[in-house]
There are 2 protein chains.
Amino acid sequence: MPMRGDLPQLLIKTGLDLLDEEGTEGLTLRRIAARAGVSHAAPAHHFNGLPGLRTAIATQGFRSFLHELVSARDALPPDADPFLCLLAVNQAYIRFSRRRTALFRLMFDQLPTEDNDLRQAALAAYAILQDHWTPFVGDRHPASFETAIWALTHGFAALSMDRPYPPDTPVNLSSYEDALRLLVG
Amino acid sequence: MPMRGDLPQLLIKTGLDLLDEEGTEGLTLRRIAARAGVSHAAPAHHFNGLPGLRTAIATQGFRSFLHELVSARDALPPDADPFLCLLAVNQAYIRFSRRRTALFRLMFDQLPTEDNDLRQAALAAYAILQDHWTPFVGDRHPASFETAIWALTHGFAALSMDRPYPPDTPVNLSSYEDALRLLVG
DNA sequence: CGATTGGCTTTACACTGTCAAGTTGAGTGA
DNA sequence: TCACTCAACTTGACAGTGTAAAGCCAATCG
(Lines give C-alpha, C1' and ligand atoms only; values in the text may rest on other atoms or scores of the structure.)
Protein backbone atom coordinates (compact mmCIF):
# COMPACT_ATOMS: atom_id res chain seq x y z
CA MET A 1 0.00 0.00 0.00
CA PRO A 2 1.06 3.61 -0.37
CA MET A 3 3.80 4.38 2.10
CA ARG A 4 4.76 7.59 0.41
CA GLY A 5 2.58 10.52 1.38
CA ASP A 6 -0.52 8.37 1.40
CA LEU A 7 -2.33 9.84 -1.56
CA PRO A 8 -5.71 8.26 -0.70
CA GLN A 9 -5.81 10.08 2.62
CA LEU A 10 -4.79 13.31 0.93
CA LEU A 11 -7.57 12.87 -1.62
CA ILE A 12 -10.13 12.36 1.12
CA LYS A 13 -8.95 15.43 2.98
CA THR A 14 -8.98 17.46 -0.24
CA GLY A 15 -12.50 16.25 -0.92
CA LEU A 16 -13.63 17.31 2.53
CA ASP A 17 -12.15 20.77 2.01
CA LEU A 18 -13.78 21.07 -1.39
CA LEU A 19 -17.09 19.99 0.07
CA ASP A 20 -16.88 22.59 2.83
CA GLU A 21 -15.77 25.37 0.52
CA GLU A 22 -17.90 24.85 -2.56
CA GLY A 23 -20.74 22.57 -1.57
CA THR A 24 -21.98 19.35 -3.06
CA GLU A 25 -21.46 20.20 -6.72
CA GLY A 26 -17.89 21.22 -6.04
CA LEU A 27 -16.97 17.63 -5.23
CA THR A 28 -15.48 16.33 -8.44
CA LEU A 29 -12.84 13.74 -9.19
CA ARG A 30 -10.96 16.07 -11.48
CA ARG A 31 -11.05 19.03 -9.10
CA ILE A 32 -9.87 16.92 -6.22
CA ALA A 33 -7.07 15.60 -8.40
CA ALA A 34 -6.06 19.07 -9.54
CA ARG A 35 -6.04 20.44 -6.01
CA ALA A 36 -4.05 17.46 -4.76
CA GLY A 37 -1.57 17.97 -7.58
CA VAL A 38 -2.05 14.65 -9.31
CA SER A 39 -3.44 13.62 -12.68
CA HIS A 40 -7.16 13.61 -13.28
CA ALA A 41 -7.42 9.83 -13.20
CA ALA A 42 -5.45 9.26 -10.02
CA PRO A 43 -8.44 9.34 -7.63
CA ALA A 44 -10.32 6.69 -9.56
CA HIS A 45 -7.29 4.45 -9.28
CA HIS A 46 -7.32 4.40 -5.48
CA PHE A 47 -11.06 4.38 -4.92
CA ASN A 48 -13.77 2.67 -6.83
CA GLY A 49 -14.55 5.62 -9.02
CA LEU A 50 -16.50 8.60 -7.77
CA PRO A 51 -18.96 6.53 -5.72
CA GLY A 52 -16.07 4.91 -3.89
CA LEU A 53 -14.44 8.21 -3.11
CA ARG A 54 -17.75 9.59 -1.91
CA THR A 55 -18.25 6.76 0.56
CA ALA A 56 -14.65 7.15 1.73
CA ILE A 57 -15.27 10.85 2.34
CA ALA A 58 -18.56 10.09 4.07
CA THR A 59 -16.78 7.57 6.29
CA GLN A 60 -14.22 10.16 7.32
CA GLY A 61 -17.15 12.50 7.86
CA PHE A 62 -18.71 10.12 10.36
CA ARG A 63 -15.42 9.94 12.19
CA SER A 64 -15.28 13.73 12.46
CA PHE A 65 -18.92 13.63 13.51
CA LEU A 66 -18.09 11.17 16.28
CA HIS A 67 -15.21 13.36 17.39
CA GLU A 68 -17.44 16.40 17.72
CA LEU A 69 -20.05 14.47 19.69
CA VAL A 70 -17.38 13.19 22.04
CA SER A 71 -15.87 16.67 22.41
CA ALA A 72 -19.26 18.08 23.35
CA ARG A 73 -19.62 15.41 26.01
CA ASP A 74 -16.11 15.89 27.38
CA ALA A 75 -16.55 19.65 27.57
CA LEU A 76 -18.94 19.12 30.47
CA PRO A 77 -17.88 18.17 33.99
CA PRO A 78 -18.13 14.43 34.67
CA ASP A 79 -20.89 14.95 37.22
CA ALA A 80 -23.03 17.08 34.94
CA ASP A 81 -26.78 16.67 34.82
CA PRO A 82 -27.72 13.83 32.41
CA PHE A 83 -30.16 16.03 30.58
CA LEU A 84 -27.49 18.67 30.03
CA CYS A 85 -25.23 15.97 28.62
CA LEU A 86 -27.96 14.72 26.33
CA LEU A 87 -28.71 18.25 25.21
CA ALA A 88 -25.06 19.10 24.62
CA VAL A 89 -24.41 16.03 22.50
CA ASN A 90 -27.58 16.44 20.46
CA GLN A 91 -26.88 20.12 19.94
CA ALA A 92 -23.45 19.12 18.63
CA TYR A 93 -25.31 16.84 16.18
CA ILE A 94 -27.36 19.80 14.98
CA ARG A 95 -24.43 22.19 14.88
CA PHE A 96 -22.52 19.74 12.73
CA SER A 97 -25.35 19.65 10.20
CA ARG A 98 -25.36 23.44 10.03
CA ARG A 99 -21.62 23.98 9.89
CA ARG A 100 -20.85 21.20 7.40
CA THR A 101 -24.07 20.94 5.48
CA ALA A 102 -22.72 19.45 2.27
CA LEU A 103 -20.75 16.82 4.17
CA PHE A 104 -23.73 16.02 6.38
CA ARG A 105 -25.91 15.49 3.35
CA LEU A 106 -23.29 13.31 1.68
CA MET A 107 -22.91 11.20 4.83
CA PHE A 108 -26.58 10.34 5.05
CA ASP A 109 -26.91 9.95 1.30
CA GLN A 110 -24.09 7.40 1.30
CA LEU A 111 -25.42 5.55 4.32
CA PRO A 112 -27.42 3.00 2.30
CA THR A 113 -24.13 1.93 0.74
CA GLU A 114 -23.16 -1.48 2.04
CA ASP A 115 -19.64 -0.45 2.97
CA ASN A 116 -18.16 -1.97 6.07
CA ASP A 117 -15.99 0.97 7.11
CA LEU A 118 -18.88 3.34 6.60
CA ARG A 119 -21.21 1.19 8.66
CA GLN A 120 -18.72 0.93 11.47
CA ALA A 121 -18.03 4.65 11.55
CA ALA A 122 -21.75 5.44 11.51
CA LEU A 123 -22.48 2.94 14.26
CA ALA A 124 -19.68 4.32 16.43
CA ALA A 125 -21.22 7.77 16.22
CA TYR A 126 -24.66 6.36 16.92
CA ALA A 127 -23.38 4.59 20.01
CA ILE A 128 -22.44 7.93 21.54
CA LEU A 129 -25.95 9.18 20.98
CA GLN A 130 -27.44 6.06 22.51
CA ASP A 131 -25.31 6.39 25.62
CA HIS A 132 -26.88 9.72 26.41
CA TRP A 133 -30.54 9.01 25.93
CA THR A 134 -30.74 5.59 27.55
CA PRO A 135 -30.97 7.14 31.07
CA PHE A 136 -34.29 8.67 30.03
CA VAL A 137 -36.03 5.61 28.63
CA GLY A 138 -37.88 5.01 31.89
CA ASP A 139 -40.77 2.62 31.52
CA ARG A 140 -41.28 3.40 27.83
CA HIS A 141 -40.69 0.98 25.00
CA PRO A 142 -36.93 1.38 24.38
CA ALA A 143 -37.06 1.06 20.60
CA SER A 144 -39.86 3.57 20.27
CA PHE A 145 -38.20 6.02 22.61
CA GLU A 146 -34.94 5.64 20.73
CA THR A 147 -36.72 6.24 17.45
CA ALA A 148 -38.49 9.26 18.83
CA ILE A 149 -35.51 11.08 20.25
CA TRP A 150 -33.25 10.31 17.35
CA ALA A 151 -35.80 11.19 14.68
CA LEU A 152 -36.49 14.42 16.54
CA THR A 153 -32.84 15.35 16.56
CA HIS A 154 -32.12 14.31 13.00
CA GLY A 155 -35.28 15.95 11.72
CA PHE A 156 -34.38 19.16 13.45
CA ALA A 157 -30.88 18.98 12.01
CA ALA A 158 -32.14 18.26 8.51
CA LEU A 159 -34.71 21.02 8.55
CA SER A 160 -32.51 23.72 10.00
CA MET A 161 -29.60 23.02 7.69
CA ASP A 162 -30.15 25.79 5.19
CA ARG A 163 -33.46 27.17 6.25
CA PRO A 164 -36.68 26.48 8.07
CA TYR A 165 -39.32 24.53 6.17
CA PRO A 166 -42.14 26.98 6.72
CA PRO A 167 -40.04 29.94 5.65
CA ASP A 168 -41.52 32.19 8.31
CA THR A 169 -40.53 30.39 11.48
CA PRO A 170 -36.87 30.76 12.36
CA VAL A 171 -35.85 27.39 13.71
CA ASN A 172 -33.41 27.92 16.54
CA LEU A 173 -31.64 25.72 19.01
CA SER A 174 -33.67 26.86 22.00
CA SER A 175 -36.87 25.58 20.43
CA TYR A 176 -35.12 22.25 20.00
CA GLU A 177 -34.29 22.26 23.67
CA ASP A 178 -37.96 22.76 24.50
CA ALA A 179 -38.95 19.97 22.13
CA LEU A 180 -36.43 17.63 23.68
CA ARG A 181 -37.75 18.42 27.11
CA LEU A 182 -41.25 17.57 25.94
CA LEU A 183 -40.04 14.19 24.87
CA VAL A 184 -37.87 13.14 27.78
CA GLY A 185 -39.96 14.82 30.46
CA MET B 1 -43.58 17.52 -31.09
CA PRO B 2 -46.48 18.07 -28.70
CA MET B 3 -49.16 20.23 -30.32
CA ARG B 4 -51.51 20.30 -27.37
CA GLY B 5 -50.46 20.76 -23.78
CA ASP B 6 -47.64 23.18 -23.30
CA LEU B 7 -44.14 21.86 -23.37
CA PRO B 8 -43.07 23.19 -19.94
CA GLN B 9 -45.71 21.11 -18.19
CA LEU B 10 -44.76 18.06 -20.23
CA LEU B 11 -41.12 18.57 -19.30
CA ILE B 12 -42.00 18.74 -15.62
CA LYS B 13 -44.06 15.58 -15.82
CA THR B 14 -41.30 13.82 -17.75
CA GLY B 15 -38.83 14.92 -15.11
CA LEU B 16 -41.02 13.52 -12.34
CA ASP B 17 -41.27 10.20 -14.16
CA LEU B 18 -37.54 10.10 -14.72
CA LEU B 19 -36.95 10.89 -11.06
CA ASP B 20 -39.24 8.08 -9.93
CA GLU B 21 -37.83 5.55 -12.36
CA GLU B 22 -34.11 6.22 -12.26
CA GLY B 23 -33.43 8.28 -9.16
CA THR B 24 -31.64 11.53 -8.67
CA GLU B 25 -28.86 11.04 -11.19
CA GLY B 26 -31.40 10.12 -13.86
CA LEU B 27 -32.71 13.66 -13.87
CA THR B 28 -30.93 15.26 -16.77
CA LEU B 29 -31.88 18.04 -19.15
CA ARG B 30 -30.94 16.00 -22.16
CA ARG B 31 -32.73 12.86 -21.03
CA ILE B 32 -35.88 14.79 -20.25
CA ALA B 33 -35.66 16.41 -23.68
CA ALA B 34 -35.13 13.09 -25.42
CA ARG B 35 -38.02 11.43 -23.61
CA ALA B 36 -40.28 14.39 -24.34
CA GLY B 37 -39.29 14.23 -28.00
CA VAL B 38 -37.69 17.64 -28.26
CA SER B 39 -34.18 18.88 -28.86
CA HIS B 40 -31.69 18.74 -26.01
CA ALA B 41 -31.71 22.50 -25.51
CA ALA B 42 -35.47 22.94 -25.35
CA PRO B 43 -35.79 22.51 -21.56
CA ALA B 44 -33.25 25.21 -20.82
CA HIS B 45 -35.24 27.56 -23.01
CA HIS B 46 -38.39 27.32 -20.90
CA PHE B 47 -36.82 27.11 -17.47
CA ASN B 48 -33.79 28.82 -16.11
CA GLY B 49 -31.40 26.02 -16.93
CA LEU B 50 -31.24 22.87 -14.86
CA PRO B 51 -31.66 24.65 -11.53
CA GLY B 52 -34.85 26.25 -12.77
CA LEU B 53 -36.27 22.99 -13.98
CA ARG B 54 -35.37 21.37 -10.69
CA THR B 55 -37.25 23.95 -8.66
CA ALA B 56 -40.21 23.63 -11.04
CA ILE B 57 -40.21 19.87 -10.52
CA ALA B 58 -39.86 20.33 -6.77
CA THR B 59 -42.79 22.73 -6.80
CA GLN B 60 -44.96 20.20 -8.58
CA GLY B 61 -43.68 17.67 -6.08
CA PHE B 62 -44.98 19.74 -3.17
CA ARG B 63 -48.34 19.94 -4.90
CA SER B 64 -48.48 16.16 -5.20
CA PHE B 65 -47.33 15.98 -1.60
CA LEU B 66 -50.19 18.21 -0.54
CA HIS B 67 -52.63 16.09 -2.52
CA GLU B 68 -51.54 12.93 -0.74
CA LEU B 69 -51.79 14.53 2.69
CA VAL B 70 -55.30 15.74 1.87
CA SER B 71 -56.28 12.34 0.51
CA ALA B 72 -55.12 10.68 3.70
CA ARG B 73 -57.25 13.08 5.71
CA ASP B 74 -60.31 12.66 3.50
CA ALA B 75 -60.06 8.89 3.64
CA LEU B 76 -61.16 9.04 7.28
CA PRO B 77 -64.70 9.74 8.41
CA PRO B 78 -65.29 13.38 9.34
CA ASP B 79 -65.86 12.50 12.99
CA ALA B 80 -62.69 10.47 13.30
CA ASP B 81 -60.52 10.68 16.37
CA PRO B 82 -58.13 13.67 16.09
CA PHE B 83 -55.15 11.52 16.94
CA LEU B 84 -56.07 9.08 14.18
CA CYS B 85 -56.26 12.00 11.76
CA LEU B 86 -52.91 13.32 12.88
CA LEU B 87 -51.41 9.87 12.59
CA ALA B 88 -52.90 9.26 9.15
CA VAL B 89 -51.63 12.52 7.71
CA ASN B 90 -48.17 12.15 9.19
CA GLN B 91 -47.95 8.58 7.98
CA ALA B 92 -48.81 9.84 4.51
CA TYR B 93 -45.84 12.22 4.91
CA ILE B 94 -43.59 9.30 5.69
CA ARG B 95 -45.04 7.07 2.99
CA PHE B 96 -44.41 9.80 0.43
CA SER B 97 -40.75 9.95 1.39
CA ARG B 98 -40.45 6.20 0.98
CA ARG B 99 -42.38 5.88 -2.24
CA ARG B 100 -40.86 8.87 -4.02
CA THR B 101 -37.48 9.13 -2.38
CA ALA B 102 -35.65 10.97 -5.14
CA LEU B 103 -38.43 13.53 -5.49
CA PHE B 104 -38.65 13.97 -1.73
CA ARG B 105 -34.94 14.66 -1.53
CA LEU B 106 -35.12 17.09 -4.44
CA MET B 107 -38.01 18.95 -2.83
CA PHE B 108 -36.19 19.60 0.41
CA ASP B 109 -32.91 20.30 -1.35
CA GLN B 110 -34.58 22.96 -3.47
CA LEU B 111 -36.42 24.48 -0.52
CA PRO B 112 -33.76 27.10 0.23
CA THR B 113 -34.34 28.46 -3.28
CA GLU B 114 -36.10 31.79 -3.06
CA ASP B 115 -38.77 30.84 -5.57
CA ASN B 116 -42.25 32.16 -4.93
CA ASP B 117 -44.20 29.26 -6.42
CA LEU B 118 -42.06 26.81 -4.53
CA ARG B 119 -42.57 28.64 -1.26
CA GLN B 120 -46.29 28.80 -1.75
CA ALA B 121 -46.58 25.11 -2.61
CA ALA B 122 -44.46 24.15 0.38
CA LEU B 123 -46.45 26.36 2.74
CA ALA B 124 -49.74 24.96 1.49
CA ALA B 125 -48.57 21.45 2.34
CA TYR B 126 -47.28 22.61 5.70
CA ALA B 127 -50.65 24.18 6.50
CA ILE B 128 -52.31 20.76 6.27
CA LEU B 129 -49.83 19.39 8.76
CA GLN B 130 -50.41 22.29 11.12
CA ASP B 131 -54.17 21.79 11.04
CA HIS B 132 -53.79 18.34 12.49
CA TRP B 133 -51.40 18.91 15.32
CA THR B 134 -52.79 22.15 16.69
CA PRO B 135 -55.51 20.29 18.67
CA PHE B 136 -52.75 18.70 20.73
CA VAL B 137 -50.76 21.78 21.66
CA GLY B 138 -52.46 22.01 25.02
CA ASP B 139 -50.65 24.28 27.45
CA ARG B 140 -47.29 23.79 25.79
CA HIS B 141 -45.37 26.47 23.94
CA PRO B 142 -46.93 26.31 20.44
CA ALA B 143 -43.74 26.95 18.49
CA SER B 144 -41.79 24.35 20.44
CA PHE B 145 -44.55 21.80 20.11
CA GLU B 146 -44.80 22.50 16.40
CA THR B 147 -41.07 22.10 16.04
CA ALA B 148 -41.10 18.89 17.99
CA ILE B 149 -43.83 17.10 16.14
CA TRP B 150 -42.73 18.22 12.73
CA ALA B 151 -39.06 17.47 13.29
CA LEU B 152 -40.06 14.06 14.61
CA THR B 153 -42.06 13.31 11.50
CA HIS B 154 -39.56 14.68 9.04
CA GLY B 155 -36.66 13.03 10.82
CA PHE B 156 -38.44 9.72 10.73
CA ALA B 157 -39.19 10.20 7.04
CA ALA B 158 -35.62 11.16 6.23
CA LEU B 159 -34.10 8.30 8.17
CA SER B 160 -36.39 5.57 6.90
CA MET B 161 -36.14 6.60 3.26
CA ASP B 162 -33.61 4.05 2.12
CA ARG B 163 -32.27 2.64 5.29
CA PRO B 164 -32.18 2.69 9.03
CA TYR B 165 -29.35 4.77 10.45
CA PRO B 166 -28.13 2.16 12.87
CA PRO B 167 -28.18 -0.51 10.21
CA ASP B 168 -29.46 -3.13 12.62
CA THR B 169 -32.74 -1.61 13.71
CA PRO B 170 -35.50 -1.86 11.13
CA VAL B 171 -37.38 1.41 11.35
CA ASN B 172 -41.07 0.73 10.86
CA LEU B 173 -44.18 2.81 10.94
CA SER B 174 -45.52 1.33 14.15
CA SER B 175 -42.51 2.60 16.07
CA TYR B 176 -43.30 6.03 14.67
CA GLU B 177 -46.82 5.74 16.01
CA ASP B 178 -45.45 4.99 19.45
CA ALA B 179 -43.08 7.92 19.23
CA LEU B 180 -45.86 10.23 18.17
CA ARG B 181 -47.94 9.08 21.12
CA LEU B 182 -45.08 9.86 23.45
CA LEU B 183 -45.01 13.38 22.15
CA VAL B 184 -48.68 14.29 22.05
CA GLY B 185 -49.65 12.28 25.11
C1' DC C 1 -46.68 42.83 -47.42
C1' DG C 2 -42.57 43.07 -44.54
C1' DA C 3 -41.06 42.96 -39.78
C1' DT C 4 -41.08 40.94 -35.40
C1' DT C 5 -41.26 37.67 -32.05
C1' DG C 6 -41.38 33.32 -29.46
C1' DG C 7 -40.54 28.40 -29.66
C1' DC C 8 -37.51 25.41 -30.77
C1' DT C 9 -33.13 23.44 -33.24
C1' DT C 10 -28.38 23.37 -34.35
C1' DT C 11 -23.84 23.97 -33.29
C1' DA C 12 -20.13 24.52 -30.36
C1' DC C 13 -17.55 24.39 -26.05
C1' DA C 14 -15.97 23.38 -21.47
C1' DC C 15 -16.38 20.07 -18.06
C1' DT C 16 -17.49 15.59 -16.10
C1' DG C 17 -16.53 10.15 -15.00
C1' DT C 18 -14.48 6.15 -16.86
C1' DC C 19 -11.84 3.09 -19.38
C1' DA C 20 -7.54 1.39 -21.85
C1' DA C 21 -2.99 1.88 -22.61
C1' DG C 22 1.42 3.78 -21.48
C1' DT C 23 5.07 5.37 -18.17
C1' DT C 24 7.82 5.33 -14.24
C1' DG C 25 10.28 3.82 -10.53
C1' DA C 26 11.22 1.24 -6.54
C1' DG C 27 11.75 -3.14 -5.14
C1' DT C 28 13.09 -8.41 -6.00
C1' DG C 29 15.27 -12.51 -7.20
C1' DA C 30 19.16 -14.98 -9.41
C1' DT D 1 24.57 -6.44 -11.69
C1' DC D 2 20.69 -7.06 -14.38
C1' DA D 3 16.47 -8.14 -16.06
C1' DC D 4 11.80 -8.66 -14.17
C1' DT D 5 7.55 -7.35 -11.61
C1' DC D 6 4.19 -4.73 -10.20
C1' DA D 7 1.79 -1.08 -8.16
C1' DA D 8 1.33 3.89 -8.55
C1' DC D 9 0.41 6.92 -11.31
C1' DT D 10 -0.09 9.58 -16.28
C1' DT D 11 -1.85 10.12 -20.86
C1' DG D 12 -5.24 9.97 -24.16
C1' DA D 13 -9.68 9.08 -25.73
C1' DC D 14 -14.74 8.82 -25.45
C1' DA D 15 -19.58 9.47 -24.23
C1' DG D 16 -22.40 12.23 -21.57
C1' DT D 17 -23.48 16.60 -19.26
C1' DG D 18 -25.11 21.96 -18.93
C1' DT D 19 -24.99 26.15 -21.31
C1' DA D 20 -24.53 29.82 -24.47
C1' DA D 21 -24.92 31.70 -29.22
C1' DA D 22 -26.77 31.58 -33.45
C1' DG D 23 -30.10 29.94 -36.84
C1' DC D 24 -34.63 28.60 -38.41
C1' DC D 25 -39.48 29.09 -39.04
C1' DA D 26 -44.32 29.55 -38.52
C1' DA D 27 -47.60 32.66 -36.43
C1' DT D 28 -48.66 37.35 -35.40
C1' DC D 29 -48.84 42.14 -36.03
C1' DG D 30 -48.56 46.93 -37.86
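See above for the structure.
Let me sum up the structure you'll find in this document. (Residues numbered from 1 in each chain as written. Chains lettered and ligands numbered in written order. Predicted model: local features only at pLDDT ≥ 70, side-chain atom pairs only at ≥ 80, totals over all residues. Heavy atoms only, no water.)

**Section: the packing of helix H1 (residues 7-22) of chain B against helix H2 (residues 29-36) of chain B**
Residues and elements named next belong to chain B. Here H1 crosses H2 at 115°, and the two axes come no closer than 9 Å. Comparing the axis directions of H1 and H2 gives the class roughly perpendicular. Considering how the two elements wind past one another, H1 and H2 form a crossing that is right-handed. Together, Leu 10, Leu 11, Thr 14, Gly 15, Asp 17, Leu 18, Glu 21 and Glu 22 of H1 and Arg 31, Ile 32, Arg 35 and Ala 36 of H2 make up the contact between the two elements. (Axes fitted to C-alpha atoms, helices over the stretch in contact; angles between N-to-C directions. Helix = DSSP H or I, 4+ residues; strand = E, 2+ residues; numbered from the N terminus. Parallel < 35°, antiparallel > 145°, perpendicular 65-115°, else oblique. Left-handed = near helix turned anticlockwise from the far one by under 90°. Contact = heavy atoms within 4.5 Å.)

**Description of H2 of chain B**
Residue and element names in this part refer to chain B. Taken as a whole, H2 has its buried residues at Leu 29, Ile 32, Ala 33 and Ala 36. Angularly, the buried residues of H2 cover 100° about the axis, an arc narrow enough to put them on a single face. The outward face of H2, more than 90 degrees from its buried face, is lined by the exposed residues Arg 30 and Ala 34. Those residues of H2 that are buried lie in contact with H1, helix H3 (42-46) and helix H4 (49-74). After H2 finishes, the residue Gly 37 shows a positive phi value of roughly 80°. (Buried < 20%, exposed > 50% of the residue type's maximum accessible area, 1.4 Å probe, protein only. Arc of directions from axis to C-beta.)

**Thoughts on the packing of helix H5 (residues 82-99) of chain A against helix H7 (residues 116-133) of chain A**
Residue and element names in this part refer to chain A. Closest axis-to-axis distance for the H5/H7 pair is 9 Å, and the angle between their directions is 150°. Taken as axis vectors, H5 and H7 run roughly antiparallel relative to one another. Pair H5 / H7 crosses with left-handed handedness. Between H5 and H7, the residues in contact are Cys 85, Leu 86, Val 89, Asn 90 and Tyr 93 and Ile 128, Leu 129, His 132 and Trp 133, respectively.

**Points about the protein's contact with DNA strand C**
Neighbouring residues of DNA strand C: 17 residues in total, closest Leu 29, Arg 30 and Leu 50 of chain A together with Ser 39 and His 46 of chain B. For DNA strand C, the fraction of protein-proximal atoms (within 4 Å) that sit in sugar or phosphate groups is 48%. Within the side chain of His 40 of chain A, an N or O atom sits 3.4 Å from a base oxygen of DNA strand C. At a separation of 2.4 Å, a phosphate oxygen of DNA strand C approaches a polar side-chain atom of His 46 of chain B. Listed by contribution, the elements that provide at least two residues to the surface near DNA strand C are helix H2 (29-36) and helix H4 (49-74) of chain A together with H3 of chain B. In the surface near DNA strand C, the residues fall into 8 nonpolar, 7 polar and 2 charged. (Near = heavy atom within 4 Å. Polar contact = N/O pair within 3.5 Å; in protein donor to acceptor, adjacent residues only side chain to side chain. Nonpolar A, V, L, I, M, F, W, Y, C, P; charged D, E, K, R; others polar.)

**Here we look at the pattern of salt bridges**
By the definition in use, this model includes 20 salt bridges over all chains. Of the charged contacts in the structure, one is a salt bridge between Arg 100 of chain A and Asp 20 of chain A, with a shortest N-O distance of 2.7 Å. Placement of Arg 100 of chain A in the loop between H5 and helix H6 (101-110) and of Asp 20 of chain A in helix H1 (residues 7-22) is noted, with a sequence separation of 80 residues between them. Residue classification places Arg 100 of chain A among the buried residues on the basis of a relative accessible area of 14%. The partner of Asp 109 of chain A in a salt bridge is Arg 105 of chain B, with the nearest N and O atoms 3.1 Å apart. Of this pair, Asp 109 of chain A sits in helix H6 while Arg 105 of chain B sits in helix H6 (residues 101-110), each in a different chain. Using a relative accessible area of 30% as the deciding quantity, one classes Asp 109 of chain A as partly exposed. Through salt bridges that share partners, Glu 21, Glu 22, Arg 31 and Arg 35 of chain A make up one connected network. (Salt bridge = Lys/Arg side-chain N within 4 Å of Asp/Glu carboxyl O.)

**A closer look at the environment of Arg 31 of chain B**
Residue and element names in this part refer to chain B. As for its placement among the helices and strands, Arg 31 is situated in helix H2. Considering only alpha carbons, one finds Arg 31 and Leu 18, 13 residues apart in sequence, at a separation of 8.4 Å. Setting aside residues up to four positions removed in sequence, Arg 31 forms contacts with Leu 18, Glu 22 and Gly 26.

**Considering the packing of aromatic side chains**
Residue and element names in this part refer to chain A. Inspection of every chain in the model, using the stated rule, returns 20 aromatic pairs over all chains. Ring geometry for Tyr 126 against Trp 150: centres 5.4 Å apart, planes inclined by 75°, an arrangement best described as edge-to-face. Of this pair, Tyr 126 sits in helix H7 while Trp 150 sits in helix H8 (residues 142-159), placing them 24 residues apart in sequence. Considered together, Tyr 126 and Trp 150 belong to a single accessibility category, that of buried residues. (Phe/Tyr/Trp six-rings, centres within 6.5 Å; stacked < 30°, edge-to-face > 60°.)

**Digging into the protein's contact with DNA strand D**
Around DNA strand D, the structure places 20 residues, and the nearest of them are Ser 39 and His 40 of chain A together with Leu 29, Arg 30 and Leu 50 of chain B. Protein-proximal atoms of DNA strand D, defined as those within 4 Å of the protein, fall in sugar or phosphate at a share of 57%. Here a phosphate oxygen of DNA strand D sits 3.1 Å away from a polar atom, N or O, in the side chain of His 46 of chain A. One of the backbone nitrogen or oxygen atoms of Leu 29 of chain B is found 2.8 Å away from a phosphate oxygen of DNA strand D. Going through the elements one at a time, helix H3 (42-46) of chain A together with H2 and H4 of chain B are the ones with two or more residues in the surface near DNA strand D. Class assignment for the residues of the surface near DNA strand D results in 9 nonpolar, 7 polar and 4 charged.

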